[in-house]
Amino acid sequence: MHHDRKHNRLVYSLTVTVVIVLAGLLVSAALMLAPTTRQSLPSPDKQVADEAQPEQPAQPASVERAVLNPLTTRTPSPTTQPERNLTTTAAAVPDEANSLGAAGAAWPTPRQEPGRNPTATPVPPTPEVATPIPAGATPLPPDPTAPQELTYVFPVRGTCQYGPDHHDYPATDIFCPVGSEFVAPTSGTVNFVNRVDRWNPETNIPADRGGIMLAIIGDDGVRYYGSHLQDIAPSLEPGVRVAAGQVLGTVGTSGNARNTPPHLHFGISRPTTPDDWETRRGEVPPYPYLQAWERGELLTPVLPAPQPAQPTPQPPPPTQPVVTDRLAQELQPLFDQTGGTFGGIVYDISTQSIVYSHNADLIFASASLIKIPIVMTVYQLANQGVVSLDDQIVLQANVIVGGSGSIQYSAPGTVYSVRELCARMIYDSDNTAANMLIDHIGGFAPVNQVMAQVGAGQTLLQRRMMDMQARAAGIDNLTSPADMFLLLQTLRDGTLLGSAASQEIIGFMQQTANRQKIPAYLPPDAVVAHKVGSLPGVEHDVGIVWLSDGRPYIVVLMSTALPSNAVGVATLAEASRIIYAYEQQLPGSAPPQ
């Protein structure tokens, strides 16, 4: 019995010990498992943050860009915008050109750029519990007056390539598949929208080469332009605000994009008018900014310094120049008696001498004399193969203007060749023909470039014919007697255009219908090739005159601030009679020209 009690006590002690050990093991296990269970629970702070974030679109896991020129190639990661890196060579692409490429994708659903640094390391959730948001509370709206920090993003999403070089003006062609998204590189306001592809390969008007195109003025004051688009977001119109990274449109095949890989033409410039195609296509190289934006740098484009103001007509000199020769002694009293301001040059070709010069460098409103620079530019571009004199241009209702010329009475849809428009612009001083030619060659810039090339730096084409609103605002076409003399001498010598083209233009001038000024009092056997110009208070006539014996001279007669146009016409006619008589008495002879 005693033995049994001793045995029972031993069993009891062992049982208690085992229970205590097991209990300790269970407590330890519970303590070890408790932190793991807490970390797997969503923290209130993390949950609120996730609900506040919009869903981000998935990006392709890997995209490779083959490059053309040295081009930067960028490979997107699954969660960020692709990075770009450049290394190959591409053939030159025509101005604002694009390719038809493959069929375009459907309009994409707009999406936002991720609001984080692509290279940032994700921050683990904080262990603190966020203060719960009271039920039904409305978050405060952002303050629209608060200053907004400028941000920049690369203007194309997805596969693309680009390089540092672009033809003969600053721009970047970003090569990408048709349907790639064109996004706002920064926040700003829509400035210009063109949803209609008006480019015609037969006319090849430079202003239409971009096809479907759009521009914004960024909050940084810079104009950003994209062309060769497939379409533009339906909600975008001039004046609409856009955010950095907002989808503006998709890359397509519009404009002169027929024989090159598809691409977005991307230009950076100062703010300008929609019709200023030469500036809008690009005046600041985008390449360094594109690279910086890819690196996440907030680099704002630096615009060029403002252009100097264009010269304007100057007031007459306070005193008349001293009369030094017989021709001046006859002409000066005539001009003084008339009133107004006169300028002119007479050049005797046989003796190669200037026999009269007055206010030669005074700048006048050119009136229709500007049509001589226009026709010379058209023929120069034809020599270069940029246009053809046989190009056919369809008369559009919106280019028809009044004033001189008969094309204004033709029905819209009438077709004219470039050569016929040039002829009518000269011999009939047709204003509609002049405007059609300005559009065909791409605006004012080509004319001004050719004038600078020949040394006629005071001659500027700055408005269309009959644009009286521009003239009232102080914008006018300008020239000087010295420039007109230079252009006539260039035509006669054939130094710019060649003999055949120059003689064709001189032939147009010989057919000039208005004979009230230089030819008015000359004998019937005198030959005159001339161009007239007239505006309120302005009368001009310039040309080449052949005497009865065939000797030629160049005459430039210009006037402004006239008491009346009729008085100005009569004065120039009388001045021409005096000059012809003077030339007849000069020694020397030359074969007919």
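All values reported here derive from a predicted model rather than from experimental measurement.

**Quick look at the packing of aromatic side chains**
The relation between two aromatic rings is expressed through the spacing of the ring centres and the mutual angle of the planes.
Move 1: Going through the model one piece at a time under the given rule, you end up with 7 aromatic pairs.
Move 2: Pairwise contacts between aromatic rings join Tyr152, Tyr224, Phe266 and Trp293 into one cluster.
Move 3: Taking the ring centre of Tyr169 as reference, the NZ or CZ of Arg281 above it sits at 3.8 Å.

**Notes on the packing of helix H6 (residues 371–383) against helix H7 (residues 418–427)**
Move 1: Contact pair H6 / H7: the axes reach a minimum separation of 10 Å and the direction vectors enclose 160°. Comparing the axis directions of H6 and H7 gives the class roughly antiparallel. In this structure, the crossing between H6 and H7 has a hand that is left-handed. Together, Lys371, Ile372, Ile374, Val375, Val378 and Tyr379 of H6 and Val418, Arg419, Cys422, Met425 and Ile426 of H7 make up the contact between the two elements.
Move 2: Of the residues assigned to the contact of H6 with H7, the class counts are 9 nonpolar, no polar and 2 charged.

**Observations regarding the packing of H6 against helix H8 (residues 431–441)**
Move 1: At a closest axis distance of 11 Å, the pairing of H6 and H8 adopts a crossing angle of 40°. For the element pair H6 / H8, the angle class is oblique. Seen along the crossing, H6 lies across H8 with a hand that is left-handed. Facing H6, whose interface residues are Lys371, Ile374, Thr377, Val378 and Leu381, H8 presents Asn431, Ala434, Leu437, Ile438 and Ile441.
Move 2: Considering only residue class, the contact of H6 with H8 consists of 7 nonpolar, 2 polar and 1 charged.

**Details of unusual backbone geometry**
Move 1: If you check the backbone angles, Ser429 has positive phi at about 50° while not being a glycine.
Move 2: Within the secondary structure, Ser429 sits in the loop between H7 and H8.
Move 3: Despite not being glycine, Met466 has its phi angle at roughly 65°, a positive value.
Move 4: For Met466, the position within the fold is in the loop between helix H9 (445–454) and helix H10 (468–472).

**Comments concerning the confidence of the model for the protein chain**
Move 1: Here the protein chain averages 77 in pLDDT, while 70% of its residues score no lower than 70.
Move 2: Counting interchain partners and residues more than four positions distant, the pLDDT-below-50 stretch residues 315–324 has 10 contacts.

**Side note on the pattern of salt bridges**
Move 1: For the structure on display, the rule yields 16 salt bridges.
Move 2: Glu504 is paired through a salt bridge with Arg419; the nearest N and O atoms lie 3.1 Å apart. In this pair, Glu504 is assigned in helix H12 (residues 499–510) and Arg419 in helix H7, connecting sequence segments 85 residues apart.
Move 3: Taken together, the shared-partner salt bridges connect Asp390, Arg419 and Glu504 into one network.

**A word on the sheet that holds strand S14 (residues 353–358)**
Move 1: If you walk across this open sheet you meet the 5 strands as S14-S13-S21-S20-S19, and the pairing is antiparallel. The open sheet has two edge strands, S14 and strand S19 (527–535), and neither has a second partner. Each strand of the sheet is rotated relative to its neighbour by a mean of 5°, with strand direction disregarded.
Move 2: Examined bridge by bridge, strand S20 (residues 538–546) and strand S21 (residues 552–560) share 8 bridges and lie antiparallel to one another. Bridge pairing in S21 places Val545 opposite Tyr553.
Move 3: Of the strands in this sheet, S19 and S20 are in contact with H12, which crosses S19 at around 70°.

What counts, and where the lines are drawn
Throughout, residues of each chain are indexed from 1 in the direction in which the sequence is written. Owing to the predicted nature of the model, reporting of local features is limited to residues with pLDDT of at least 70; listing and counting of side-chain atom pairs is limited to 80 or more, with chain, interface and lining totals taken over all residues. For side-chain calculations, the full set of non-hydrogen atoms in the structure is used, while hydrogens and water are omitted. Two aromatic rings from Phe, Tyr or Trp, using only the six-membered ring of Trp, form a pair when their centres are within 6.5 Å; if the ring planes differ by under 30 degrees the pair is stacked, by over 60 it is edge-to-face, and anything between is tilted. Here, a charge over a ring means that NZ of Lys or CZ of Arg falls within 6 Å of the ring centre while also lying within 35 degrees of the ring normal. In this description, a line fitted to the C-alpha atoms serves as the axis of each element, helices being fitted only across the stretch in contact, and the angle between N-to-C directions of two axes falls anywhere from 0 to 180 degrees. Note on conventions: DSSP H or I runs of at least 4 residues are helices, E runs of at least 2 residues are strands, and numbering of each starts at the N terminus. We call two directions roughly parallel when the angle between them is under 35 degrees, roughly antiparallel when it is over 145, roughly perpendicular when it lies between 65 and 115, and oblique otherwise. It is the rotation of the near helix from the far one that decides the hand of a crossing: anticlockwise by less than a right angle makes it left-handed, clockwise makes it right-handed. By definition, residues are in contact when any of their heavy atoms lie within 4.5 Å. Asp, Glu, Lys and Arg are counted as charged, while Ala, Val, Leu, Ile, Met, Phe, Trp, Tyr, Cys and Pro are counted as nonpolar; the rest, among them Gly, fall into the polar class. Residue-level confidence of the predictor is what pLDDT reports, using numbers from 0 through 100. Each salt bridge in this description consists of a side-chain nitrogen of Lys or Arg and a carboxyl oxygen of Asp or Glu lying within 4 Å of one another. Whether two strands pair comes down to DSSP finding at least two bridges between them.

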